[in-house]
Structures are given as structure tokens and as C-alpha cells.
Amino acid sequence: MAKGEGAESGSAAGLLPTGILQASERPVQVKEPKKKQQLSICNKLCYAVGGAPYQLTGCALGFFLQIYLLDVAKVEPLPASIILFVGRAWDAFTDPLVGFCISKSSWTRLGRLMPWIIFSTPLAIIAYFLIWFVPDFPLGMGRSHGFLWYLLFYCLFETLVTCFHVPYSALTMFISTEQSERDSATAYRMTVEVLGTVIGTAIQGQIVGQANAPCLQDQNDSAIVNRTQSTASLKETQNAYLLAAGIIASIYVICAIILALGVREQRESYEAQQAESMPFFQGLRLVMSHGPYVKLIAGFLFTSLAFMLVEGNFALFCTYTLGFRNEFQNLLLAIMLSATFTIPIWQWFLTRFGKKTAVYVGISSAVPFLILVALMKSNLIVTYVVAIAAGVSVAAAFLLPWSMLPDVIDDFHLKHPHSPGTEPIFFSFYVFFTKFASGVSLGVSTLSLDFAEYQTQGCSQPEQVKFTLKMLVTMAPIILILLGLLLFKLYPIDEEKRRQNKKALQALRDEASSSGCSDTDSTELASIL
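Conventions we followed
- The numbering scheme is per chain: residues are counted from 1 as the chain's sequence reads.
- Predicted model: local features are reported for residues with pLDDT of at least 70 only, side-chain atom pairs are reported and counted for 80 or more only, and whole-chain, interface and lining totals are derived from all residues.
- Values reported for side chains reflect all heavy atoms of the structure, with hydrogen atoms and water molecules removed beforehand.
- Helix numbering and strand numbering both begin at the N terminus, where a helix is a DSSP run of H or I of at least 4 residues and a strand a DSSP run of E of at least 2.
- Three exposure classes are used, based on accessible area relative to the maximum for each residue type with a 1.4 Å probe and protein chains only: buried under 20%, partly exposed in between, and exposed over 50%.
- The criterion used for residue contact is that any of the two residues' heavy atoms lie within 4.5 Å.
- Here the accessible surface of atoms and residues is derived via Shrake-Rupley with a 1.4 Å probe, and residues count as covered only by protein chains that are part of the display.
- The salt bridge criterion pairs a side-chain nitrogen of Lys or Arg with a carboxyl oxygen of Asp or Glu, the two atoms within 4 Å.
- Here the aromatic set is Phe, Tyr and Trp, taking the six-membered ring for Trp, and pairing holds for ring centres within 6.5 Å; pairs whose planes are under 30 degrees apart are stacked, those over 60 apart are edge-to-face, and all others are tilted.
- Between N-to-C directions, angles cover 0 to 180 degrees, with each direction set by a line fitted to C-alpha atoms, over the stretch in contact for helices.
- Oblique is the label for any angle not covered by the other classes, which are roughly parallel (under 35 degrees), roughly antiparallel (over 145) and roughly perpendicular (65 to 115).
- The hand of a helix crossing depends on one turn: near helix anticlockwise from the far one by less than a right angle means left-handed, and clockwise means right-handed.
- Polarity classes work like this: nonpolar for Ala, Val, Leu, Ile, Met, Phe, Trp, Tyr, Cys and Pro, charged for Asp, Glu, Lys and Arg, and polar for all others, with Gly in that last group.
- Here pLDDT means the predictor's own confidence in every residue, given as a number from 0 to 100.
- Only buried Ala, Val, Leu, Ile, Met, Phe, Trp, Tyr and Cys residues count toward a nonpolar core, and they belong to the same one when joined by side-chain atoms within 4.5 Å.
- For each domain, the first and last residues come from an automatic or database assignment.
- Multiplying one less than the number of residues by 1.5 Å gives the expected span of a helix.
- The residues that make up patches have over 30% relative accessible area and no salt bridge, and they are joined within 9 Å when like-charged or within 5 Å when they are Val, Leu, Ile, Met, Phe, Trp or Tyr.
- Polar contact is the term for a pair of N or O atoms within 3.5 Å; when the atoms are in protein, one must be able to donate a hydrogen and the other to accept it, and sequence-neighboring residues count only if both atoms are side-chain atoms.

**Some details on the overall build of the protein chain**
A tally of regular secondary structure across the protein chain gives 20 helices and zero strands. Put simply, the protein chain has 529 residues, and 54% of those count as buried. In the protein chain, the proportion of contacts linking residues at least 24 apart, taken out of those at least 6 apart, comes to 86%. As presented, the protein chain carries roughly 22800 Å² of accessible surface, and 66% of it is formed by carbon and sulfur atoms.

Structure below.
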């Protein structure tokens, strides 16, 4: 920087009058290194609020869609399993597709990511509302048309919410260049996201819980039960789902507005010097060959699948295996409240002891409680204690993946400094693998219930259904968690590596900034000459 700049200044000294030279030197003297970029609490909160819509809708769909399709929409278990699997598989496929489109997007006055968030929001809330609407099809056509209705709007909503969530996730890399600031903003985000699951659970659970769908005591009850009363009760339940969907959709819009107004994207100085983003498939090849990224997503793939199995089957498990038909929404609320209050503790823990240690301690802490659930008999007080304790592990599962992914991207940028625009690829493919795992978990779960002869709208279920639910909520997640923790042993970025990367990245930014200043000074001098 100084060498080329000094040569130009020296040659100019003999050609320019003193007054002009002094005037031209004034802007050149402003070459101080950039101060540490601090985000205000308001910036962090506005950024964090943007994570709530995905969690609000995801929580409602994850916990309640299965039981809604089976007991309210009256979809048979096999078609319901197809809806759940195809919807999540399609959702997973759209993540890299949206990531590809974002990588091709140019920077606008609003940024490169924010337009996707803004324009997808109104369409997403319409599709979400229609998922929870039970259409009145002509007699004899209800089953096939109902199946197509839920499959269509479920896939449509997942596509639109992906257009919101992938750019929002990638926004982490554009709110600040400082690792500590990004980690702090991520902690804010995770706290709000867990709070979003609490709100989603409270809204969906409490409203729907007040209007349970009518159940049949046995197969002959359909000839005995008062059909008028049963139909009226079912209609109340359908209206309750619509009311909950309307409230959640309204919160979705409010959060999107706060995010759009309160957050501004920032470009890296070295990225701004690049004329074009890297071609998508070239970037994808580099990303998927980056060892730390592959090891990170492999570990979290198994642990995410474990928690998704619990999430997808928890309502049915509480209703039929434990016999808490009227308590499962309160148990969900206890889990999410516990997770919300422990997010700050995990943020302190990973700062004090490191992120890998936090992974081992946080996620493995779920195993004893899952074993206790598997072994204990139905006891409401013990179940609440287990739910509160399990929330501690849920908080770690929420926070740690999104806190570790930016470290992997920083490591990638050091090895490939001339590869801008790859951030959406990292985030979209991470979400792709977790969502695909979610689709597998929901599809396999519902298909397993079909094989176990699940009875739609039954007040009770056969013993094989209860046993299947217990295995899906306890033993299968334990095995998956242990496999995931074994894979984390291979993850190479520890705290020492993070510190080295931070220093190297700062040097890269300073070099790019100095180069930019030098180019600007040369341009100013040329214009004076």
C-alpha cells in the first residue's frame, strides 16, 4: 500500500503547485485501520426477530401436522405418510435451488438477500393458511382430492418459506465481519427462535387443545355415537386450527417487516472487488469438497434426525402411549420455555469452554432423559420434570449448528479467498440435509404407524402402536445422537483454529481495504493532474 502510494506522491510533488498538492493530500491522509464493527442491540434484535417466522410455522407443522392429517382432515396413514415425506423431500430439494438462484442474484438497493425475504412473505402466509383449511369436496371425491390439496399447499408453502429462510440464514455472514459480533447475533437469533417455538406451541397447542377432535371408543362406535354432535365437534376443531393459523400468519408478517426495516446487508471488502460471483456449480464443488463442512453437516444430520423424530411423534406419544390427551400441548410448552431460558447459558458455555465441548455436553444430555421416558410408566409429574430437563438439550441443538457454520465459512474463505457468493450454498445445503432428514423421519414414522395398524380418530390405540411410538421417541433418537457425536470427533475446527482463522481473515480484510484506499488515491491524483 505505502510503496506504490509513496512513489505516486513523490512524482507529483515536483509537478504540482504546493496549494494543490496539500489539497490533494488531505483525503490521502485518512488511512486509519477500520475500527471493530459493533452491532447495536437494536440491530441484533431486529435480525433475531427474522428467525421467528420459520420457527413459528415449523413448530406448528412439526408437532401438529401429523395428528391434524390423521384425526382432523381424516387422511389415511399411508397417504398422510406420503404427504409428509414428499413435502419435506420437496422442501429439501428447494433449498439448493433457492441457494442457486440467490447466488445468481445481483446486489440491489435493498441488498442481495432482502428482496427474497420481502417478496416471498405474502404468498407464504396464504399457502400456510390453506394447509390448515379442510375443503368440502363432493361425496366420493374427498379422499383423492384431499390428498392432492394438502400435498400441493404443503409443498407450495415449503417452497415459499425456503425463499425466506435460506437468504435469512445466509444473512448471518453479511451483518458483520466480526466473529464475536456474529456469534452474539446468532445467540440473539437462537433465543428468539426458541421463543418463536414457545409462541407457536402456545398458540397452536392451547387453541387446538381447547377443541380436541372427537374420538371413537371402538370400531362399532360409528354406529352408536351421535353423529350430529361428532360432526359439530370436528368442525370446532377445524375452526380452531384455522384460528391458530391466522394468528401465526399475522406474526409472520410483523416479524418480516421488522427484519426488513432493521437490518442492512454489508459486503466484504475483498468480495466487493470481485466483478462477478463464482459460478454456482463451481462453488458447489468447492463447498462440498471442504472437509470441515462435510464433517459438520454429517454430525448434525444424525443429531437433527434424532430431535425431529421426537418432535414429529411427541403429540401422538403423549396422547396414546402416556395417555395425556389433554396435556401434550402443555408438555410441549414446558420443553420450549426451558429451552428459551437456557439459550443464554449455552452461549456463555460455548464462549468459555468452546463449541465442540458444548456439542458433546449439550446434545448428549438428552440421552438420560430419553432413557427415563422409555423405562418409566405413565406419570404426569415425572413427565413434566423430564420435559423441562429435555429443554436444556433442545436449546443446545438449536444454537450450536448455526453458531458453528459461520466458522466453517470463514475457514473456507481463507482457503478460497477469490470465491465470493458461496455463502447461500453453505446455508442452503446444510438446510437441505436437515430437511431431507426431517422428511425421512416423518415419512418413516407415519408409515410405521400404518404397519402397526393405527386407528384414525381412535380414543386409544393397539399395544403395537403404543410400542412403536415409544421406540420412535426414545430408542431411535438415542442411537442417532450417539452416531452424531461420534462423527463430531472428526470435526477439525477447535477454539485454537478459530482464533487463527480470525487473525488471518482480519489481515485479508485489511489488505483488501488498503488496496481499495490505494486505488482511490490514485484515481483522485489522476483527476487532479
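That shown, we press on.
**Concerning the pattern of salt bridges**
Under the defined criterion, the tally for this structure stands at nine salt bridges. Here E181 makes a salt bridge to K44, at a shortest N to O gap of 3.7 Å. Of this pair, E181 sits in helix α8 (residues 179–209) while K44 sits in helix α3 (residues 41–49), and the two are 137 residues apart along the sequence. Neither residue differs from the other here; E181 and K44 are each classed as buried. The shortest N-O distance in the salt bridge between E463 and K466 comes to 3.7 Å.

**Regarding the packing of aromatic side chains**
Across all of its chains, the model carries 19 aromatic pairs by this definition. Arranged with centres 5.3 Å apart and planes meeting at 50°, the rings of Y128 and F157 form a pair that is tilted. Here Y128 is found in helix α6 (residues 114–131), whereas its partner F157 is found in helix α7 (residues 142–170), with 29 residues between them in sequence. For the pair Y128 and F157, one class covers both residues: buried.

**So, the packing of helix α13 (residues 291–321) against helix α14 (residues 328–353)**
Contact geometry for α13 and α14: axes closest at 9 Å, N-to-C directions at 130°. Between α13 and α14, the angle is such that the two are oblique. When the axes of α13 and α14 are compared, the crossing they make is right-handed. Two secondary-structure elements touch here, α13 through F314, A315, C318 and T319 and α14 through F328, L331, L332 and I335. Among the residues forming the contact of α13 with α14, the class breakdown is seven nonpolar, one polar and no charged.

**Points about the side chain of R189**
Mapped onto the elements, R189 comes out in helix α8. When neighbours within four sequence positions are excluded, R189 is seen to be in contact with Y47, A48, H165, Y168, S169, T172 and W402.

**Examining the environment of G283**
Examined against the element boundaries, G283 turns out to sit in helix α12 (residues 280–288). Residue G283 is classed as buried on the basis of its relative accessible area, which comes to 1%. Through-space distance from the C-alpha of G283 to that of S103 is 9.5 Å; in sequence the pair is 180 residues apart.

**Comments concerning the packing of α13 against helix α19 (residues 463–488)**
Where α13 contacts α19, the two axes come as close as 8 Å, and the packing angle between them is 165°. Classified by the interaxial angle, the pair formed by α13 and α19 is roughly antiparallel. Classified by chirality, the crossing of α19 by α13 is left-handed. Taken together, the residues of the contact of α13 with α19 sort by class into 21 nonpolar, five polar and two charged.

**Focus: the confidence of the model for the protein chain**
Across the protein chain, the average pLDDT comes to 78, with 81% of residues at 70 or higher. Per-element averaging of pLDDT across the protein chain places helix α1 (residues 2–13) at the bottom with 40 and α6 at the top with 93. Here residues 219–229 is a poorly scored stretch, pLDDT under 50, and it has four contacts once near neighbours within four places are set aside; other chains count. Low pLDDT (under 50) marks residues 517–529, which in the prediction has 15 contacts with non-local residues, meaning those over four places away or in another chain.

**Remarks on the nonpolar core**
Ranked by size, the top nonpolar core spans 142 residues in total, and within it L65, Y68, L69, W132, L171, Y293 and F300 carry the most contacts. Mapped onto the domain boundaries, this core takes at least three residues apiece from domain 1 (38–215 + 230–265) and domain 2 (280–512). Membership of the second largest hydrophobic core comes to five residues, among which are A48, V49, V192 and C255.

**Examining helix α18 (residues 423–451)**
The end-to-end C-alpha separation of α18 is 42 Å, in line with the 42 Å expected for 29 residues at 1.5 Å each. Within α18, 21 of the 29 residues are buried, which leaves the element mostly enclosed by the surrounding structure. E453 lies just past α18 and shows a positive phi near 65°.

**Details of a nonpolar patch on the surface**
A cluster of nonpolar side chains, contributed by L78, I82, F85, V86 and F436, occupies part of the molecular surface with about 380 Å² of accessible area. Top element by residues in the nonpolar patch is helix α5 (residues 77–103). It accounts for four residues. Within the secondary structure, L78 sits in helix α5. In this structure L78 comes out as partly exposed when scored by relative accessible area, which is 42%.

**So, the environment of K74**
Along the polypeptide, K74 turns up in the loop between α4 (52–71) and α5. As a C-alpha pair, K74 and T456 span 382 residues in sequence and 7.1 Å in three-dimensional space.

**Things to note about the side chain of T94**
Here T94 lies in helix α5. At 2.7 Å, the side chain of T94 and the backbone oxygen of D91 are in polar contact. Sequence-distant contacts of T94, that is, excluding residues within four places in its chain, are made with E158, T159 and T162.

**Quick word on unusual backbone geometry**
One non-glycine residue, K74, adopts positive backbone phi at about 60°. With a phi close to 65°, E453 is a non-glycine residue in the positive phi region. Assignment of secondary structure puts E453 in the loop between α18 and α19.

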